[in-house]
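# Understanding the architecture of this molecule
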Amino acid sequence: MNMPTLDNTLIEQVALSLRQAERIAIISHMNADGDAVGSMMGMWHVLNKLGKGCVTPMLPNGVPETFRYLPCTNLVLNGDSQYDECAKALELADLIVCVDFNAASRVDKLAGPLSGSKAKKLMIDHHHGPDHELIDVMVSVPELSSACELVYWTMTACFGKDCINHDAARCLYNGICTDTGSYAFNNDVPSVYEASAELVKHDIGAPDIHNHIDNTFSVARMKFWGWAICNRLRIFENKKFAYFYFSLKDMQDGHVTGADLEGLVNYTLKMSCIECGALIREEEGRTKVSLRSKYEVDVNKIARQHFNGG
């Protein structure tokens, strides 16, 4: 097996934290992608199978339409429309599980309730630069493909393979697929294939999952992507760089949200002459930048050093 090496003492801390907690909140980042939803709900299903009855999943602005097919996503609290319920769940929790994000700022308006909660905080994440001051127990492995893969290895190390049921497997496979671009990148570590193979054994209907990820665009989203490529793509061949840019008005006129732009930045890299791409879009009170690269360009370093991101 090529599973990542996880410190035995750390695994014991994770298992003990989950076993002892009676009230658990699970949270992931703003504008959730497939890995955020998949890792959060994968954890939820594992804890449900372990007999934890009071587990509250939440996202700062809800579950994107694309991923609502995943089992039990109807139970996820939305920080926009259910802020008070989210804040109360974070306040009353014995344990808060943070998945697929490395700092409180990634949960937007829920950052205050998260940071202010007296609950023990467990992080399972694959991003660089985790906030050690926020977290009590940290499982951080940036080399892995996705938070979903890390959740799989962590939970099976804690509780054995039987803790993964059909619903957990569907959620975790979803996140691995989205964060690897269906194995197009982050694919040079054997553990991602071994985790995926174990998940597929649960008869998860892998073709159906790929169909939900890739073939569920709304008409508005499809038309917006076409318009964006024609009107909002700037290409600098001599710099090997390309970017999309969008104002709030662009998105309002196109009847799309931030979630509808998920994956569009990858289209900058489909040109053989481009090695680095970006998507820049206006949000209320701020500008969001997403970076992607191929070959040797380290966009993670650029994001951390110049944009306080990662």
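Details of the structure are given in the entry above.
Not measured: the values here are computed from a predicted model.

The rules behind each value
Residues numbered from 1 in each chain as written. Predicted model: local features only at pLDDT ≥ 70, side-chain atom pairs only at ≥ 80, totals over all residues. Heavy atoms only, no water. Buried < 20%, exposed > 50% of the residue type's maximum accessible area, 1.4 Å probe, protein only. Helix = DSSP H or I, 4+ residues; strand = E, 2+ residues; numbered from the N terminus. Pairing = 2+ DSSP bridges. Right-handed = clockwise from strand over helix to strand, strands pointing away. Arc of directions from axis to C-beta. Contact = heavy atoms within 4.5 Å. Axes fitted to C-alpha atoms, helices over the stretch in contact; angles between N-to-C directions. Left-handed = near helix turned anticlockwise from the far one by under 90°. Nonpolar A, V, L, I, M, F, W, Y, C, P; charged D, E, K, R; others polar. Salt bridge = Lys/Arg side-chain N within 4 Å of Asp/Glu carboxyl O. Core = buried A, V, L, I, M, F, W, Y, C linked by side-chain atoms within 4.5 Å.

## Digging into the pairing of strand β5 (residues 120-125)
- A large share of β5 lies buried, amounting to 5 of its 6 residues.
- Sheet analysis places strand β4 (residues 95-99) next to β5, joined by 5 bridges and oriented parallel. Looking across to β5, one finds that cysteine 98 is bridged to methionine 123.
- Taking the sense of rotation as the criterion, the β-α-β connection linking β4, helix α4 (residues 111-116) and β5 turns out right-handed.
- Pairing of β5 with strand β6 (residues 137-140) involves 4 bridges; the strand directions are parallel. Bridge pairing links isoleucine 124 to valine 139 in β6.

## Remarks on the sheet that holds β4
- The strand order β3-β2-β1-β4-β5-β6 describes an open sheet built from 6 strands, whose pairing is parallel. Of all the strands in the sheet, the pair left with one neighbour each is β3 (77-78) and β6.
- As judged from the 4 bridges shared by strand β1 (residues 24-27) and strand β2 (residues 55-59), these two strands associate in the parallel manner. Note on β2: the bridge partner recorded for isoleucine 27 is methionine 58.

## What to know about helix α8 (residues 206-214)
- All of the buried residues along α8 are Ala206, Ile209 and Ile213. Down the axis of α8, the buried side of the element spans an arc of 60°, and every buried residue falls inside it.
- If you follow the buried residues of α8, they end up packed against α6 (166-179).

## Quick look at the packing of α6 against helix α7 (residues 191-200)
- Put simply, α6 and α7 touch, their axes get as near as 9 Å, and they point 150° apart. Crossing hand, α6 versus α7: left-handed. Every residue of α7 that contacts α6 at Ala169, Leu172, Tyr173 and Ile176 is listed here: Val192, Ala195, Ser196, Leu199 and Val200.
- A per-class count over the contact of α6 with α7 returns 8 nonpolar, 1 polar and no charged.

## Let's talk about the sheet that holds strand β10 (residues 286-293)
- Read across the open sheet, the 4 strands follow the order β7-β8-β9-β10; overall the sheet is mixed. Only two strands of the sheet have a single partner each, and these edge strands are β7 (233-236) and β10. Between one strand axis and the next, the sheet turns through 15° on average, direction left out of account.
- Bridge analysis of strand β8 (residues 241-246) against strand β9 (residues 276-283) gives 6 bridges, and the strand direction is parallel. From the neighbouring strand, tyrosine 245 faces β9, where its bridge partner is isoleucine 280.
- Sitting on the sheet, helix α9 (residues 219-231) touches β7 and β8, and the angle it makes with β8 is about 125°.

## So, the pattern of salt bridges
- Counted under the stated rule, the structure contains 13 salt bridges.
- Between aspartate 80 and lysine 109 there is a salt bridge, with its nearest N and O atoms 2.5 Å apart. Within this pair, whereas aspartate 80 is found in the loop between β3 and α3 (83-92), its partner lysine 109 is found in the loop between β4 and α4, the two being separated by 29 residues in sequence.
- Its relative accessible area of 45% is what places aspartate 80 among the partly exposed residues.
- For lysine 109, a relative accessible area of 32% puts it in the partly exposed group.
- Residue glutamate 91 is joined to lysine 88 by a salt bridge in which the shortest nitrogen-to-oxygen separation is 4.0 Å. Residue glutamate 91 and its partner lysine 88 are located together in helix α3, separated by 3 residues, close to a single helical turn.
- Judged by relative accessible area, which is 43%, lysine 88 ranks as partly exposed.
- Here the residues in one salt-bridge network are Asp80, Asp108, Lys109, Arg281, Glu283 and Arg286, joined through shared partners.

## Remarks on the nonpolar core
- With 59 residues, the main nonpolar core has Leu18, Ile26, Met43 and Met155 as its most contacted residues.
- When neighbours within four sequence positions are excluded, leucine 18 is seen to be in contact with Ile24, Met43, Leu47, Lys52, Leu95, Val97, Leu122, Met155 and Phe159.
- The next biggest cluster of nonpolar side chains, apart from the first, holds 21 residues, and it includes Ala25, Ala104, Val107 and Leu134.

## Some thoughts on the side chain of histidine 45
- Residue placement: histidine 45 occurs in helix α2 (residues 34-49).
- According to the relative accessible area criterion, histidine 45 is buried, its value standing at 3%.
- Not counting the four nearest positions on each side in its chain, histidine 45 is found in contact with Pro71, Cys72, Asn165, Asp167, Ala168 and Cys171.

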